[in-house]
Each structure stands twice: as structure tokens, then as C-alpha cells.
Amino acid sequence: MNTVPSNSPSLLLVDDEPALAQLLKKYLERLGYQVDACTHPEAALDLLDANPGRYALLVTDLTLPGMNGEQLLERSRERAPALRAIIASGYPYEPRAAGVEFLQKPFLPKMLAEAVERMLRS
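Bear in mind the structure is a predicted one, so any value in this text is a computation, not a measurement.

(A) Focus on the overall build of the protein chain. Assigned secondary structure in the protein chain consists of four helices and five strands. Scanning the protein chain from its N terminus toward the C terminus, one meets helices and strands in the order β-α-β-α-β-α-β-β-α. Taken against the 2.2 N^0.38 rule, which gives 14 Å for 122 residues, the C-alpha radius of gyration of the protein chain at 13 Å falls within 12% of a compact globule. Along the first, second and third principal axes, the C-alpha atoms of the protein chain reach 35 × 30 × 30 Å. When each of the 122 residues of the protein chain is scored for burial, the buried share is 43%. Of all intrachain contacts in the protein chain linking residues separated by at least 6 positions in sequence, the fraction that spans at least 24 positions is 59%. Summed over its atoms, the accessible surface of the protein chain is roughly 6,500 Å², and 54% of this surface lies on carbon and sulfur atoms. For the protein chain, the separation between the mean place of its 13 positive charges and that of its 16 negative charges on side chains is 6 Å.

(B) Spatial organisation of helix α2 (residues 41-50). Among all positions in α2, only Pro41, Ala44, Leu45 and Leu48 are buried. Viewed end-on, α2 has its buried residues packed into an arc of 100°, placing them on one side of the element. Every exposed residue of α2 that faces more than 90 degrees away from the buried side is listed here: Asp46 and Ala50. For α2, the elements touching its buried residues are β1 (10-14), β2 (34-38), β3 (55-61) and α3 (69-79).

(C) The sheet that holds strand β5 (residues 100-104), seen in detail. Ordered by their spatial adjacency, five strands build an open sheet running β2-β1-β3-β4-β5, and the pairing between neighbours is parallel. A single partner strand is all that each edge strand has here, and the edge strands are β2 and β5. The average undirected angle you get between the axes of adjacent strands in this sheet is 20°. Relative to β2, β1 runs parallel, the two sharing five bridges. Along β2, the bridge assignment pairs Leu13 with Ala37. Contacts from helix α1 (residues 18-30) reach β1 and β2 within the one sheet, and its direction differs from that of β2 by about 175°. In this fold α2 packs onto β1, β2 and β3, with an angle of close to 160° to the strand it touches most, β1.

(D) Examining the side chain of Ser76 more closely. Inspection of the secondary structure puts Ser76 in helix α3. A relative accessible area of 0% means that Ser76 is categorised as buried. Those residues within four positions of Ser76 in sequence are excluded, and the remaining contacts are Leu45, Leu48, Leu58 and Leu83.

Definitions and cut-offs
- Residues numbered from 1 in each chain as written.
- Predicted model: local features only at pLDDT ≥ 70, side-chain atom pairs only at ≥ 80, totals over all residues.
- Heavy atoms only, no water.
- Helix = DSSP H or I, 4+ residues; strand = E, 2+ residues; numbered from the N terminus.
- Rg over C-alpha atoms; globule rule 2.2 N^0.38 Å.
- Buried < 20%, exposed > 50% of the residue type's maximum accessible area, 1.4 Å probe, protein only.
- Contact = heavy atoms within 4.5 Å.
- Areas by Shrake-Rupley, 256 points an atom, 1.4 Å probe, with all protein chains shown as cover.
- Lys, Arg positive; Asp, Glu negative; His and termini not counted.
- Charge placed at Lys NZ, Arg CZ, Asp CG, Glu CD.
- Arc of directions from axis to C-beta.
- Pairing = 2+ DSSP bridges.
- Axes fitted to C-alpha atoms, helices over the stretch in contact; angles between N-to-C directions.

Given below as C-alpha cells:
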């Protein structure tokens, strides 16, 4: 797998399980991506408020405290309209918005990497 240059787009990762959020962050960083990980959707929105153009892709769990991943994407796109997303869940899910890919949990790290590459190319 190719590594991406250091000036590559940044990813915003949101998962309410801290261990999983850190594991996925480290994996994606090893591939060369710049990743900010949050365990709460409000923290992700704060990062977007601070720099709306920073992130090319939101990677989020569907089930989060306070709002679901789809609501997080909707609120994120109020700040960054072109933001693409990968929504992951252990439950069946059909994305309703454009620019969204669904990733069924549990997934292999390689499946996440391939989904990220597809979304960044689209």
C-alpha cells in the first residue's frame, strides 16, 4: 500500500471507545495520514469550528453519545460542506447522504484503509 505525503488531507476520527479510537488513529497514521481522534461528537465539532477546511474525511461510528454518526455528519457539513464520510457500525445501515460510505463492523484494518483511499479519490 502506498503511503501518502505529509501534506495529505487530514482525517477526523470519532469513536466513543477510546481504545478503538487510538488504535485506528495509530493505524491510519502509520499509513501516512494526519489524524485527529475524538471520543465525543461535540469535540469533533469543536475541531471543525476551529478549522473547517482542515479535514477531507470524517470517519465515525454510527452510535455515539448525544447524537449518531449521521447527525454528526450533518452538523459537520454545516461547517465543511464538502466533507466526505465513512460511517461504521455493527448494525446494518444504508447511508442517506451523498459522499458517504458504510463500513460494517467488525472490519479489518485493510478494509478501513481501502475505504479511506476510495473516499479521498472520489
